[in-house]
Structure formats: structure tokens, C-alpha cells
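The residues making up each chain are set out below.
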Amino acid sequence: MATKVVSNLKEAIELAKVTDGMSISFHHHLRNGDHVLNMVMDELAAMGVKNLTVNASAVFDVHAPLIDHIKNGVVTKLCVNYMSKGIGTHICKGIMDTPVEFRSHGQRPADIENGRTPIDVAFIAAPTSDTMGNCTGKMGKSRFGSIGYAMADAMNAKTVIVITDNLVEYPLTCASITEDYVDYVVAVDEIGDPNGIMSGTTAQTRDPVRLRMAQTAVKCIEASGLLKDGMSFQTGAGGATMAAAMYLKDVMLEKGVVGSYIVGGISTASVDLQKAGCFRALQDVQSFDLGAAADLLENPNHIEVSGRRYSSSIGKSSCMNNLDVAMLGATEIDVDFNVNVHTDSNGIIMGGSGGHTDIAEICNMAVVIAPLFRNRLPIVLDHVTTVSTKGENIDVLITESGIAVNPRRQDLKEKFIAAGLNVKDIHELKAMAEKICGVPQPAPKGDKIVGEVFGHWGEHVDYIYSVPDKE
């Protein structure tokens, strides 16, 4: 029987003819448990390949070896949707000549497809693959669930290499990426640690303040009039936003409301909502924990979707087109409702838009949940350090000290006041935080542009600058 299996990773790279100056891609469904990106980059470095563009849907602290590959000239350009602080700190020191390009989860597949960021070779980490490259993330010892962000890579790259630690006989009957897109298959001992999926931003909060904010968020949904049969919902990766799903379940059961779908990164909390009968379906582009990964295999109403179908700006439609309510996080928000999720208050890269920008652009009510201050630094500022999502697309800010509504949404403000919610002007919230914490000094900016932020439509949104060394 025919097979695409090659003896090792080096052979696959040689067959793919990876040479200097090419663009290669990776996906991040294993999050901080991923081994494949480092495995591939170490092999390419050993082979003497230089000047590569790495297009990775996200990079985490586990990918710290990238720093040496950048310093050694193996990697000269990065395109990502998210970057952890461990790597972001080095980028902000100006170690790259070319600014990192930050896209949203929806714009990444759009730009791969439209040729703005073409991919020469895509490396697909697959928990299970057959000998012809039919593969999935839904089963295997390294199961991570949905492989949605890798689908654009597989469908558009010139060459596709599947790397798996569970090689099975042909045909795999539950393939997410199919053989007609795959050139080579490599079997390795381990593609990663699936326990790393639930890390950092995907851990649900136990902080009582954030839990209260999550409860307030559900009250806002009730007051908005959107809590009704057919409602669609997304919760972001932040702890408080994920907790909102838990409280939403109780209200929906009490009122007998049945929503249409939950979309985006799916957690066990989302699974519980669907299984309780609160929503008819889950549309999963990224499973946030192992409970969600297991449910994707077993539950016919838990649907795996590609990044393109999730929120691309060039598809004929997307899951976002009918989205009613989204719960989002923020590092900073300013008085014009611009949101920063890329950098911390010192200007250090420590995140990225993910689906934030896509969701806010399209959904009926985009709600940011954030504490009034973190580490004695106010969340509400005159101007955010970096604009990730434009204020014109944010509807509501929820803090533990009150709710601010974007002036363009007077309809929501009136409904919240009528419901007895604690509505304040965003300037009031800013003043309250400053009374406790003082007025923060703007982060010093270096002269070098180290990153560029692009929006849902591929437009320029902001630049990220280097951070001067402390004296």
C-alpha cells in the first residue's frame, strides 16, 4: 500500500526542499505543551538553513529556543497572533531587524489565502495521523481537540508535513485535515504535552473579585435583551470571561432560554452549558482544556471549525456573522474604549489579539471584563500603550467598581440603568483607580519599531516600539 511516511524529520525537510529565505508555518493547539516548533527549528538550524520567516499562530514560553535562532540568523521574520512575555521581552529589546507582524485569528488565514503571507512549508502537529496524512487532534496520547488554526496552513502551503506521535493504518475515519493536502508524514516519539493546553490565559479564575465581575457580566447580558432563545455567545481566554459562562448557565436554566451556539476557544465550562441544554451547538476552533478535547470526539453537536470559518474577513460568511455576545479581556483600556491586549503597561509584548479584534468588529455586544487596577496600576488610561482593538468596536467595560458603556451605545446604557446596574462614565472609573493607585507615567518608548498590529480587515492598527534598557 502507498505511504507518505518518511524515516525522520530531516528527510522530510530535505524532500520539501526547505532553503534560505522560505516561509514556514506552525499552529499552537498544544499551546505551552508544544514540542514540534522547537523540534523543527533545531533541525533546520543544524542543517544550516538561514533567513526564515516563521508564521506561527502563537508562540509561548516553551518556544524560548526561538530567541537563539533569531540571534543566529536562522529566523529573520515572525508572523504571529499571540506572543508570550518570555519571548516578547527579547523582541522588545530589538533583537530583530524586521518588526513582528501581529494578526488576529481571523486575519491570519485570510492573509495566507490571499497571498499576503504565503507559506512554503507547513508543519502540522497531529496527535493522530494515518500513513497518507489524514490527521486529527481529536484522538491519540497527545490529543488537544480542534486543529482549526492549522487548516489554512494545510490548504494553502506549497508543501505540508504532518508530524505525529500516533501513526495508524489507512484510512483514518475521523480526519480533520485530509490526505489530499499532505505531502509527507513523520512519526516521532512525542509531539508535546497536552497538559500544557490549559495554561496561563485558559485557566478559570478563582479570585472573588473577578468572579463578581463575571456575575455582573451575566446581569448585563440579561439587561441587554439579548438573553433569549437563539442567542449566540463567545467567551475569551481570560479567567473572568470564562467564569461568566459558569454563571450564564444558571440564569439560562432558570429562564428556560436555549441559545444557538457557543463559538471560539471551547472550554469545559462551555461544554457544560451545551450539555445542560443551554445551547444547541459548540463551534470549536481551539479546545482550551482536555475536557473540551474529549467532548469534541464524542459529541455530535460539538463542531470543529477552521480559523477561516471562525472569523476570516474574506470568507463568504463566518461564525462571527451571527454572534450576539462576546466576553473579552484587556490589559488596558482607554477613555475612548481602545483596548490593549498586546503589551503590558511597560510596553513589553505579552499577548496578542487572538480572536479579540475579529469578535469586537462584528458581534452585537462586545463586553470587556477587567479589574479597575492590576499591580497598583490603573486599567483605564487616557491612551493605551498599544491599540489592539479599536474603541469604536467595544461596547461595555465591566470592572468591580462599575460598568462603563461606550457613548455610541446609549441604548445599552439606558437598559443597564433601568435594570439597576452600577453604570458609571469611563472617566469616573479612571479617576477612582487613580485615587487609589496614583496617575501612572506613560511607558518609555524606544526608537525602534519591533512590532506592527493589523486589524480584522488587514489594516494597520498600531506599532509596538522597543523598550529602553533600565539604567
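These figures come from a predicted structure and were not determined experimentally. (Residues numbered from 1 in each chain as written. Predicted model: local features only at pLDDT ≥ 70, side-chain atom pairs only at ≥ 80, totals over all residues. Heavy atoms only, no water.)

1. Remarks on the side chain of Asp289
Phase 1: Mapping Asp289 onto the fold places it in the loop between β14 (279-287) and α10 (290-298).
Phase 2: Despite its burial, Asp289 pairs with no opposite charge; the closest candidate is Arg31, at 10 Å N-O. (Helix = DSSP H or I, 4+ residues; strand = E, 2+ residues; numbered from the N terminus. Buried < 20%, exposed > 50% of the residue type's maximum accessible area, 1.4 Å probe, protein only. Lys, Arg positive; Asp, Glu negative; His and termini not counted. Salt bridge = Lys/Arg side-chain N within 4 Å of Asp/Glu carboxyl O.)

2. Some thoughts on the nonpolar core
Phase 1: Counting 68 residues, the largest nonpolar core has Phe26, Met41, Met83, Ile91, Phe123 and Ile124 as the members making the most contacts within it.
Phase 2: The leading source of residues in this core is strand β6 (residues 121-126), at 6 residues.
Phase 3: Among the domains, domain 1 (5-57 + 105-197) and domain 2 (208-441) are the pair contributing at least three residues each to this core.
Phase 4: Setting aside chain neighbours within four positions, we find Ile124 in contact with His27, Cys135, Ile147, Ala150, Asp153, Ala154, Val160, Ile161, Val162, Ile163 and Ile177.
Phase 5: Counting residues in each nonpolar core, the second largest holds 42 residues, with Leu211, Met231, Ile398 and Phe416 among its members. (Core = buried A, V, L, I, M, F, W, Y, C linked by side-chain atoms within 4.5 Å. Domains from an automatic or database assignment. Contact = heavy atoms within 4.5 Å.)

3. Digging into the packing of aromatic side chains
Phase 1: A complete count under the given rule lists 3 aromatic pairs for this structure.
Phase 2: Look at Phe26 and Phe123: their rings are 5.5 Å apart centre to centre, the planes differ by 15°, and that puts the pair in the stacked class. Highlighted residues: Phe26 in strand β2 (residues 23-26) and Phe123 in strand β6, separated in sequence by 97 residues. No difference in accessibility class separates Phe26 from Phe123, as the two residues are buried.
Phase 3: The aromatic ring of Phe454 is capped on one face by Arg103, whose charged end is 4.9 Å from the ring centroid.
Phase 4: Against the face of Phe454 rests Arg116, its NZ or CZ located 4.8 Å from the ring centre. (Phe/Tyr/Trp six-rings, centres within 6.5 Å; stacked < 30°, edge-to-face > 60°. Lys NZ or Arg CZ within 6 Å of the ring centre and 35° of its normal.)

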